[in-house]
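Listed here are the chains, written in short residue letters.
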Amino acid sequence: MIRLATLGAIVLTGGAFVAFSAETGPIPADQLAKAARSDSISIPTPGELFAALEKSGKINWAGQYRGPMPMTYRDRPQIALNLGGLIADGFIAVQAKDGQQVKNIGADIIKLAKALGVSEKLLGRGSSINDFADNNEWDTLQEELEATQNEVKSSMQSHADQDLVILVTLGGWIRGTQVVTSSIMQNYDESSAKVLRQPALVHFMQSKINEVSPELRNDPLVKDLSNELGKTEKLVSFPAGKAPTVEEVRKVNEAVSKMMGEIESKEAPK
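We now turn to the structure provided with this report. What you see is a predicted model; the values in this text were computed from it and never measured.

### Digging into the overall build of the protein
Helix and strand counts for the protein come out as 13 helices and four strands. Across the 270 residues of the protein, 54% fall into the buried class. Expressed as a percentage of contacts within the protein between residues at least 6 apart in sequence, the contacts between residues at least 24 apart total 76%. With an accessible surface of roughly 11,700 Å², the protein has 48% of that area assigned to carbon and sulfur atoms.

Laid out in structure tokens, this is it:
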């Protein structure tokens with residue numbers, strides 16, 4: 001069991017688990033109070049990792065945007081993984097204070113969520129996201145994205161899709177880590193780089209994949225990502241108290257970018 005005392009604060013970024021080293025500083029009690037809990041891990045609200053990263057300097061959030069992805073995926077595991085990545089993208093757009101980008105991503109989130117058969121309540125969320133974006137209500141927008149994410153997961157759980165919830169989380173973790181490593185490479189800072197030391201969390205994510213149904217576990221894309229996570233765990237196993245070098249950060253970025261590329265690809269691995 002992974003314990004908070006061992007890892008420090010744990011952040012969920014669009015469904016992504018990210019471990020904070022002691023050097024990054026504790027997350028305030030009021031933020032922890034809003035956290036969801038999984039096993040013994042406290043998971044503060046989405047977007048806090050990006051906010052913590054910004055403390056090291058000005059981040060070019062718009063530079064982290066990616067091109068449009070297909071909205072015609074048919075494979076449910078691939079839809080779930082991309083949904084997690086899109087939710088992380090929403091928080092990037094909020095950090096960039098880009099209302100149009102928020103609306104574009106919000107519309108895509110709704111499309112993928114509907115493809116998984118989640119609650120119709122999400123349609124109302126989409127309308128609210130547009131209104132808040134038009135009025136530049138950034139704090140409220142972040143809260144609405146968090147609510148949208150929770151709505152997605154709650155609806156999937158009620159439809160006995162708990163396994164897909166795990167994939168939404170994994171997709172967000174991969175996309176969030178891709179953004180973090182890219183930002184650190186562009187503006188290297190030792191304190192920020194230490195955030196990447198998270199072998200226990202990567203192991204935890206892989207163990208969760210091993211708990212899903214045999215059918216989902218043997219899905220070609222899921223199987224490939226599980227193998228890649230094993231390799232990534234070694235890449236993020238830096239010595240305690242030691243910041244990874246720029247080259248080590250680059251290797252992590254290459255690993256998660258490879259996984260993100262497979263998730264985005266219209267053709268999943270065979």
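### Notes on the nonpolar core
Ranked by internal contacts, the top residues of the largest apolar core, which has 61 residues, are L83 and L170. With eleven residues, helix 8 (residues 162-186) is the largest single contributor of residues to this core.

### Brief notes about the side chain of S226
Of note, S226 is situated in helix 12 (residues 220-235). If sequence neighbours within four positions are ignored, S226 has contacts with Q206, I209 and N210.

### What to know about the packing of helix 8 against helix 10 (residues 199-210)
It is at 10 Å that the axes of helix 8 and helix 10 come closest, and there the two elements cross at 150°. Taken together, the axes of helix 8 and helix 10 are roughly antiparallel relative to one another. Once helix 8 is placed against helix 10, the crossing between them reads as left-handed. Contacts between helix 8 and helix 10 involve I166, T169, L170 and W173 from the first element and V202, M205, K208 and I209 from the second. When the residues that make up the contact of helix 8 with helix 10 are grouped by side-chain class, the tally is six nonpolar, one polar and one charged.

### Overview of helix 13 (residues 246-264)
The end-to-end C-alpha distance of helix 13, which contains 19 residues, comes to 26 Å, matching closely the 27 Å that a straight helix rising 1.5 Å per residue would cover. Three or more residues of helix 13 are buried, namely V249, V252, N253, A255, V256, M259, M260, E262 and I263.

### As for the pattern of salt bridges
Opposite charge on two side chains allows them to pair when their charged atoms are near. Within this structure, the stated rule accounts for nine salt bridges. The partner of D89 in a salt bridge is R66, with the nearest N and O atoms 2.7 Å apart. In this pair, D89 is assigned in helix 4 (residues 76-95) and R66 in the loop between helix 3 (48-54) and helix 4, connecting sequence segments 23 residues apart. What makes D89 buried here is its relative accessible area of 6%. The shortest N-O distance in the salt bridge between E228 and K258 comes to 3.2 Å. Highlighted residues: E228 in helix 12 and K258 in helix 13, separated in sequence by 30 residues. Shared partners join several salt bridges into a network, and the residues in it are R66, D89, R175 and E264.

What counts and what doesn't
Residues numbered from 1 in each chain as written. Predicted model: local features only at pLDDT ≥ 70, side-chain atom pairs only at ≥ 80, totals over all residues. Heavy atoms only, no water. Helix = DSSP H or I, 4+ residues; strand = E, 2+ residues; numbered from the N terminus. Buried < 20%, exposed > 50% of the residue type's maximum accessible area, 1.4 Å probe, protein only. Contact = heavy atoms within 4.5 Å. Areas by Shrake-Rupley, 256 points an atom, 1.4 Å probe, with all protein chains shown as cover. Core = buried A, V, L, I, M, F, W, Y, C linked by side-chain atoms within 4.5 Å. Axes fitted to C-alpha atoms, helices over the stretch in contact; angles between N-to-C directions. Parallel < 35°, antiparallel > 145°, perpendicular 65-115°, else oblique. Left-handed = near helix turned anticlockwise from the far one by under 90°. Nonpolar A, V, L, I, M, F, W, Y, C, P; charged D, E, K, R; others polar. Expected span 1.5 Å × (residues − 1). Salt bridge = Lys/Arg side-chain N within 4 Å of Asp/Glu carboxyl O.

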